[in-house]
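Structure assessment
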Amino acid sequence: MTISINQTKAITHDLVLKALADNVYQSAAGLRRFYAKRVKVDGGNDIGGPIIIGGLTSASGGWYSGASALTDSELEDMTRAKVDWKQVYETIVLSNLDILKNGGSAQVLSLVASKIKIAEKRLKARLSAGIFSDGTDSLVFDGLGLIIGTSAYAGLSASDFDDEAGSDAWQAQVLANSGTARALSGSLIQRAMGQATEDEDKPTVSFMKQNVFNELWSILEPHQRLMVENEDLSGLGHDQNKKVLKYNGIPFLVDSHMEAACMYFVNEDYAKLYVHKLEDMKAQSFDKLEGQNAIKERMLLTGNLFCNNRRYQAKLDDINVAS
């Protein structure tokens, strides 16, 4: 049985929409985690939100005695942090000659599925790299590499406002060792998580490369290796929906796109992936290609990561890993 170009277009579009839109977030832990919890919005010039910038000050209140005069000055104690929309795409092109060579419907389906699988991996790689981006490429997401740091972010510098203790509030907690690698320990993990914890606010997930995960595994006693969910997986930290390591109350996940020799501790109540609901893995079909005897499908996503409270994000840096 032969199959027409129009039929192939329909098959391609349906498979692209299903394979990429439904499964794109299963590539790596960071992308999967953020995409599964994404926030869909319907517009706006940017992605942002209000930030509390007022710490303790005598201008708004304080302790007093008897009939002392009480100050009630109005304060500028809020500002707005914002990031720009970022756009990403991936294209699939099938030449008419390839379709003709493959012949019947079964072969065409196999060709289409193979092309989609390749494109799916490319798009996953782009999005995964974006999740951990450090902001050096202005076209890419303002990712965790930028959020979990001490430089300016979302239009505000680290010194723009202070916390209750008078320290710079618009920066993440970075526990480093001046560039000198040191052995990972439970104490270091506790210190990094503790720095990003206040009351009920605490990190909800940790990301790292495989070699850092191996160091974590090696320092834990067997009874500390709490493996959750599916019991038939190896527990190497790659798939949060199956068997992963849970330590100190949070899952520790492996992502190859992570920064080397460190751990990120992320509070997902404040760091989220925002996507425009009209381009959330939208499949775009091209009926006629000028100058080409081929069919084309494209996947689109518009969005960005945004964090409205950096001080509850942390990084444990300078971890010694086995070569």
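Residues numbered from 1 in each chain as written. Predicted model: local features only at pLDDT ≥ 70, side-chain atom pairs only at ≥ 80, totals over all residues. Heavy atoms only, no water.

Remarks on helix H2 (residues 29–36)
Taking burial as the measure, the 8 residues of H2 include 7 buried ones, the bulk of the element. When we look at burial in H2, the residues that qualify are Ala29, Gly30, Leu31, Arg32, Arg33, Phe34 and Tyr35. (Buried < 20%, exposed > 50% of the residue type's maximum accessible area, 1.4 Å probe, protein only. Helix = DSSP H or I, 4+ residues; strand = E, 2+ residues; numbered from the N terminus.)

Here's the deal with the sheet that holds strand S12 (residues 294–307)
An order of S1-S11-S12-S4 is seen for the 4 strands of this open sheet, with the pairing classed as mixed. Either end of the sheet is taken by a strand with one partner, and the two such strands are strand S1 (39–41) and strand S4 (86–95). Going from strand to strand, the sheet's axes swing by 30° on average, the running direction of each strand aside. Bridging between S4 and S12 involves 10 bridges; their strand directions are antiparallel. Looking at the pairing, Tyr89 lines up with Leu300 of S12. (Pairing = 2+ DSSP bridges. Axes fitted to C-alpha atoms, helices over the stretch in contact; angles between N-to-C directions.)

Quick look at the environment of Glu279
Within the secondary structure, Glu279 is located in strand S11 (residues 271–286). On the basis of relative accessible area, Glu279 is assigned to the partly exposed category, the value being 21%. Taking the C-alpha atoms as reference, Glu279 lies 9.8 Å from Lys40; in sequence the two are 239 residues apart. Apart from residues lying up to four places away in sequence, Glu279 is in contact with Gln87, Leu300, Leu301 and Thr302. A polar side-chain atom of Glu279 sits 2.6 Å from a polar atom in the side chain of Thr302. (Contact = heavy atoms within 4.5 Å. Polar contact = N/O pair within 3.5 Å; in protein donor to acceptor, adjacent residues only side chain to side chain.)

Considerations on the pattern of salt bridges
Applying the stated criterion across every chain, the model contains 12 salt bridges. Here Lys117 makes a salt bridge to Glu120, at a shortest N to O gap of 3.9 Å. Separated by 3 residues within a single helix, Lys117 and Glu120 lie in helix H4 (residues 105–131), roughly one turn from each other. Across the salt bridge formed by Glu259 and Lys315, the nearest N and O atoms sit 2.8 Å from each other. Here Glu259 is found in the loop between strand S9 (250–254) and strand S10 (263–266), whereas its partner Lys315 is found in strand S13 (residues 314–316), with 56 residues between them in sequence. Glu259 gets classed as partly exposed once you look at its relative accessible area, which sits at 31%. Bridged by salt links that share partners, the residues Arg33, Lys37 and Glu268 form one connected network. (Salt bridge = Lys/Arg side-chain N within 4 Å of Asp/Glu carboxyl O.)

Thoughts on the nonpolar core
Ranked by size, the top nonpolar core spans 59 residues in total, and within it Phe34, Leu144, Tyr153, Phe207 and Val266 carry the most contacts. Ranked by residue count, the leading element in this core is H4, at 7 residues. Those residues in contact with Tyr153 that sit more than four places away from it in its chain are Val83, Asp142, Leu146, Ile147, Trp170, Leu305, Phe306, Cys307 and Arg310. Phe213, Tyr247, Ala314 and Ile319 belong to the second largest nonpolar core, which has 22 residues in total. (Core = buried A, V, L, I, M, F, W, Y, C linked by side-chain atoms within 4.5 Å.)

Quick look at a negative patch on the surface
On the surface, Glu164, Glu198, Asp199, Glu200 and Asp269 cluster together into a patch of negative charge. Within the element layout of this structure, Glu200 appears in the loop between helix H6 (186–195) and strand S6 (205–208). (Patch = residues over 30% accessible without salt bridge, like charges linked within 9 Å, V, L, I, M, F, W, Y side chains within 5 Å. Areas by Shrake-Rupley, 256 points an atom, 1.4 Å probe, with all protein chains shown as cover. Lys, Arg positive; Asp, Glu negative; His and termini not counted. Charge placed at Lys NZ, Arg CZ, Asp CG, Glu CD.)

Description of the packing of aromatic side chains
With the rule as written, the count across this model stands at 9 aromatic pairs. With a centroid separation of 5.9 Å and 50° between ring planes, the pair formed by Tyr247 and Phe252 is classed as tilted. A relative accessible area of 15% places Tyr247 in the buried class. Note on Phe252: relative accessible area 0%, which makes it buried. With centroids separated by 6.1 Å and ring planes inclined at 80°, the aromatic side chains of Phe252 and Phe265 adopt a geometry described as edge-to-face. (Phe/Tyr/Trp six-rings, centres within 6.5 Å; stacked < 30°, edge-to-face > 60°.)

Observations regarding the confidence of the model for the protein chain
Taken residue by residue, the protein chain gives an average pLDDT of 84. The fraction at 70 or more is 81%. Confidence over residues 230–235 falls short of pLDDT 50; this stretch has 9 contacts with residues more than four positions distant or in other chains. (pLDDT = per-residue confidence, 0-100.)

Quick notes on H6
Those residues of H6 that fall on the buried side of the exposure criterion are Leu188, Ile189, Ala192 and Met193. Taken end-on, H6 shows its buried residues confined to a sector of 125°, consistent with a single buried face. Buried residues along H6 sit in contact with strand S5 (173–175), helix H7 (210–219), strand S8 (244–247), S9, S10 and S13. (Arc of directions from axis to C-beta.)

Some words on the environment of Ile295
Among the structural elements, Ile295 can be located in strand S12. C-alpha of Ile295 to C-alpha of Asn6: the two residues are 289 residues apart in sequence and 9.2 Å apart in space.

Quick word on the side chain of Asp46
Within the secondary structure, Asp46 is located in the loop between S1 and strand S2 (47–52). A polar atom in the side chain of Asp46 sits 2.9 Å from the side chain of Arg80. Contacts of Asp46, omitting those with residues within four sequence positions, involve Arg80, Lys82, Val83 and Trp85.

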